[in-house]
Amino acid sequence: MRSTSGVEVRTATRPTSQIRASELVRRSISNLSSALASAPPDLVSGPDAAIMAELFAQVERSAAAGKALYARKVAESGAYGASGHRDAAGWLADVSGESRGHALGMLATAELACQVPEVQRAFCNGDLSGAQAKVIGEAAALDPSATEDLLHAADSESFATVAAMAARVIRKARSEEDLEREEARVHTNRYCRTFSPRDGGLRIEALLTKQAGARLVSRLDQMTEVLFTESMGSDNPASHEHCRADALVELVGGHDPSRHRTPGKSRGAPSGGGQGSSGGPSCDRGPGLGKSGPNAHVVVRVDAGALRRGWVEGSEICEIPGIGAVPVATARQILGDAFFNILVTDGVDVRCVTGTKRTIPTPLRVALSERDPTCVVPGCGVARHLEIDHWQRDYSMDGPTCLDNLARLCGRHHAMKTYTGWRLAGGPGHWKWVPPESPRASPTRPRTRPTRRRPGGPVKARDPGSTSSSG
């Protein structure tokens, strides 16, 4: 008998258990098709659609595990050759209807997951997505003692948090020489390419070292916030992604008047603009915000012991937040560089750092960033421009500025908590996002209020380069 994939299957020699498993899978496929037919998405309510989507996500995880692990067996056995394929990736791409690159990724995921029995078991049980199995498998293979923590995080944390934890594990398993060679290799192979896609426009792709990339991202982030704040006061506000594209143009090529004009519209001089006016927000942004962009800074976090020693040990870190681990030699090299802020931690017990002021002490801020690398609302995963909130007891109610009373939230969820009655519960590792008892105002901060007035002081714009405390 020949299957649809072209691989010959001898039914007579197949074990009874394999026949039973195949029939179970076929029956499951039929049941899934019947479920979709009996409850078309267009005819179900929003809450019911959410339940169905979650169930299909569970099915997808199990299906991805089965496809990856059985494809790995096909690769090992060479069974792909029976259908005329040269390798397992080509065979998998054909039978799954996906790209060869995706097929290669699935085979790599299976290989990584199978290196650690606990990861393979969780993958088979449908407890891990393909992406989770890949990052956890790679880290657990280097440090099996981290497996349990990584699997626990996968069950309760966002993928970004799990990936960050895995990256830390991998970093601990690598030497300073490994990181230095990697940065040297990237520097040797650095590039910046432009090309025109078929659907129009221009695409830019670049490969930079982490140090150079951090400088670029820092300036880009700050200019993005400047343009986003300007846009919020206009009649046609732009999205954050649009402002980031505009920021790149302004940093490299200077002020771009076309970003305030829809292509194809009249190119006449805007009314009231005067010579050189773009018709949009003023280009005069004050000191440090001209054509050269904001005076951005990159923070490099490094433990004092590692900085003195020249390499990290144990749980020590040397990294650029949001970019990744860098060699200690890099931290030493940029000491004194005005563009970089070296934040050296010396083992202060942050649980004992507290205060009555709104200002967050540096050791406490570092500890909070370590504990809450992303927005703490379950499922959010936003890692940039987080805001610090006094989550248990509000600062206005004499809430202490200590680790137990602080949490990092993205702007949207901070606004929902502040303005609409949503609240946090559970605490670190067990966060819950509790809805208000009764509906209130819009769940997002009004566009007319891009800043908040701090008690006893004037309105201050949020600094995109650091977290802010409010709540």
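As the structure is a computational prediction, the values presented were derived from the model and not from experiment. (Residues numbered from 1 in each chain as written. Predicted model: local features only at pLDDT ≥ 70, side-chain atom pairs only at ≥ 80, totals over all residues. Heavy atoms only, no water.)

**Student:** Give me a nonpolar patch on the surface: which residues, what numbers.
**Tutor:** Taken together, the side chains of Leu202, Ile204, Leu208, Leu216, Leu248 and Val252 define a hydrophobic patch exposed on the protein surface, amounting to about 550 Å² of accessible area. Locating Leu208 in the fold gives a position in the loop between strand E2 (203-207) and helix H10 (210-232). (Patch = residues over 30% accessible without salt bridge, like charges linked within 9 Å, V, L, I, M, F, W, Y side chains within 5 Å. Areas by Shrake-Rupley, 256 points an atom, 1.4 Å probe, with all protein chains shown as cover. Salt bridge = Lys/Arg side-chain N within 4 Å of Asp/Glu carboxyl O. Helix = DSSP H or I, 4+ residues; strand = E, 2+ residues; numbered from the N terminus.)

**Student:** Go over the nonpolar core with me, naming the residues and quoting the values.
**Tutor:** With 36 residues, the main nonpolar core has Leu92, Val119, Phe123, Leu128 and Ile136 as its most contacted residues. Residue assignment for this core shows that the elements contributing at least two residues are helix H2 (46-77), helix H3 (88-96), helix H4 (100-113), helix H5 (117-124), helix H6 (130-142), helix H7 (147-156) and helix H8 (159-173). When residues in this core are grouped by element, the largest group, six residues, is from H2. If near-sequence neighbours (up to four positions away) are discounted, Leu92 is found in contact with Lys67, Ala71, Ala103, Met106 and Leu107. Membership of the second largest hydrophobic core comes to 15 residues, among which are Ala214, Val298, Cys318 and Val328. (Core = buried A, V, L, I, M, F, W, Y, C linked by side-chain atoms within 4.5 Å. Buried < 20%, exposed > 50% of the residue type's maximum accessible area, 1.4 Å probe, protein only. Contact = heavy atoms within 4.5 Å.)

**Student:** How would you explain the packing of aromatic side chains if you had to name every residue and give the values?
**Tutor:** Inspection of every chain in the model, using the stated rule, returns three aromatic pairs. With 5.8 Å between their ring centres and 65° between their planes, Phe339 and Phe340 make a pair best called edge-to-face. Classification of Phe340 as buried rests on a relative accessible area of 5%. Both rings, one in Trp391 and one in Trp431, keep their centres 4.8 Å apart while their planes meet at 75°; by these two values the pair is edge-to-face. (Phe/Tyr/Trp six-rings, centres within 6.5 Å; stacked < 30°, edge-to-face > 60°.)

**Student:** Break down the pattern of salt bridges for me, with residues and values.
**Tutor:** Throughout the structure, instances matching the rule amount to 17 salt bridges. Here Arg72 makes a salt bridge to Glu111, at a shortest N to O gap of 3.1 Å. Placement of Arg72 in helix H2 and of Glu111 in helix H4 is noted, with a sequence separation of 39 residues between them. Taking the relative accessible area as the measure of exposure, Glu111 reaches 41% and is therefore partly exposed. A salt bridge links Glu313 to Arg309; its shortest N-O distance comes to 3.8 Å. For Glu313, a relative accessible area of 42% gives the class partly exposed. Connected through shared salt-bridge partners, Arg72, Glu76 and Glu111 make up one network.

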